[in-house]
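# A look at the structure
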Amino acid sequence: IKHIDIIGTIIVPAVLFLTTGFIFGWAKPVPIGWRNLRSPRRDIVLVASAGPFSNLGMALLWGLIMKLGITLYAISEAGIAIAMVKMGEIGIEINLMLMVLNLIPIPPLDGSRVVSSLLPARLSMLYARFEPFGLLILLLLLSFRILGAIIMPAVNMLEELIVVLLGLPLQ
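## Describing the overall build of the chain
For the chain, the helix and strand inventory stands at seven helices and zero strands. The order of α-helices and β-strands along the chain, N terminus first, is α-α-α-α-α-α-α. C-alpha extents for the chain along the principal axes are approximately 60 × 40 × 30 Å. When the 171 residues of the chain are sorted by exposure, 31% land in the buried category. Restricting to contacts in the chain with at least 6 residues of sequence separation, those with at least 24 account for 58%. Put simply, the chain shows about 11400 Å² of open surface, and 73% of that area lies on carbon and sulfur atoms. Distance from the positive charge centre (12 side chains) to the negative charge centre (9 side chains) of the chain: 15 Å.

Below you can see the structure in the form of structure tokens.
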């Protein structure tokens, strides 16, 4: 509940859903305890990478659930097996989309935190000036259907990698 943003968590998703059938939103960012970082410029890369790596881990977990569903289907537990396969497919897709989206270097996404920490201090400060426009840029990319064209090639590649890694049937 602490992370609910009235506009980003409730209003924008509701309006988008009612007008386009698509939901996009955001929450208040998780505060970072900068005093707890030994080397803030280095450590922020690790902090910013935690979300995307969590999404990758969850995609792999959903892939294992999908594989278990396929195994159960082979021994005639069809009802639950089909549900597990479908949930696995959706779980993989959603988590990979979130991962890749979050890695885009547009503030306030995690990718921008990584880029900012890798830039020299002067360029990092200049780059940070774009943060107030980041959400607008993301919404414009989404509205003009450019965001999907940016993230889907990477999502598809990662999906194929998970399929091969876990020995799942080709979709």
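Having seen the model, we can carry on.
## With respect to the packing of helix H2 (residues 40-74) against helix H7 (residues 147-166)
The geometry of H2 relative to H7 is characterised by a closest axis approach of 10 Å and an angle of 50° between their N-to-C directions. Taken as axis vectors, H2 and H7 run oblique relative to one another. Between H2 and H7 lies a crossing of right-handed hand. Residues Ala 59, Leu 60, Gly 63, Leu 64 and Lys 67 of H2 touch H7, and the partners they reach there are Ile 162, Leu 165 and Leu 166.

## Some details on the pattern of salt bridges
For the coordinates displayed, the defined rule picks out three salt bridges. A salt bridge links Lys 86 to Glu 89; the nearest nitrogen and oxygen atoms lie 3.6 Å apart. Here Lys 86 pairs with Glu 89, and both are found in helix H3 (residues 78-103), just three residues apart, close to one helical turn. When the shortest N-O distance is used, the salt bridge between Arg 113 and Glu 131 registers 3.2 Å. One end of the pair, Arg 113, is in helix H4 (residues 110-118); the other, Glu 131, is in helix H6 (residues 131-143), and 18 residues separate them in sequence.

## A look at the layout of surface pockets
Considered as a void within the structure, the largest pocket measures approximately 1400 Å³ in volume. Looking at the largest pocket, it is lined by 39 residues, and the ones nearest its centre are Phe 24, Gly 25, Trp 26, Leu 101 and Leu 109. Contributions of two or more residues to the lining of the largest pocket are made by helix H1 (6-20), H2, H3, H4, H6 and H7. The element best represented in the lining of the largest pocket is H6, accounting for six residues. Taken together, the residues of the lining of the largest pocket sort by class into 26 nonpolar, eight polar and five charged.

## Some thoughts on the nonpolar core
Residues Leu 96, Leu 101, Ile 104, Leu 147, Ile 162 and Leu 168 are the most contacted members of the largest nonpolar core, which totals 25 residues. Of the residues forming this core, the biggest block, seven residues, is contributed by H7. Residues contacting Ile 162, with those up to four places away along its chain left out, are Ala 59, Leu 60, Ile 92, Leu 96 and Leu 168.

## Things to note about a nonpolar patch on the surface
There is a patch of nonpolar side chains on the surface, built from Ile 1, Ile 4, Ile 6, Ile 7, Ile 10, Ile 11 and Val 15 and spanning about 700 Å² of accessible area. Mapped onto the elements of the fold, Val 15 is located in helix H1. The partly exposed category is assigned to Val 15, whose relative accessible area is 46%.

Quick notes on the rules
- Residues numbered from 1 in each chain as written.
- Predicted model: local features only at pLDDT ≥ 70, side-chain atom pairs only at ≥ 80, totals over all residues.
- Heavy atoms only, no water.
- Helix = DSSP H or I, 4+ residues; strand = E, 2+ residues; numbered from the N terminus.
- Buried < 20%, exposed > 50% of the residue type's maximum accessible area, 1.4 Å probe, protein only.
- Contact = heavy atoms within 4.5 Å.
- Areas by Shrake-Rupley, 256 points an atom, 1.4 Å probe, with all protein chains shown as cover.
- Lys, Arg positive; Asp, Glu negative; His and termini not counted.
- Charge placed at Lys NZ, Arg CZ, Asp CG, Glu CD.
- Axes fitted to C-alpha atoms, helices over the stretch in contact; angles between N-to-C directions.
- Parallel < 35°, antiparallel > 145°, perpendicular 65-115°, else oblique.
- Left-handed = near helix turned anticlockwise from the far one by under 90°.
- Salt bridge = Lys/Arg side-chain N within 4 Å of Asp/Glu carboxyl O.
- 1 Å grid on protein atoms, 1.4 Å probe; cavity = no way out; pocket = protein on both sides within 12 Å on 5 of 7 lines; lining within 4 Å.
- Points joined across faces, edges and corners; volume = space filled by probe spheres on them.
- Nonpolar A, V, L, I, M, F, W, Y, C, P; charged D, E, K, R; others polar.
- Core = buried A, V, L, I, M, F, W, Y, C linked by side-chain atoms within 4.5 Å.
- Patch = residues over 30% accessible without salt bridge, like charges linked within 9 Å, V, L, I, M, F, W, Y side chains within 5 Å.

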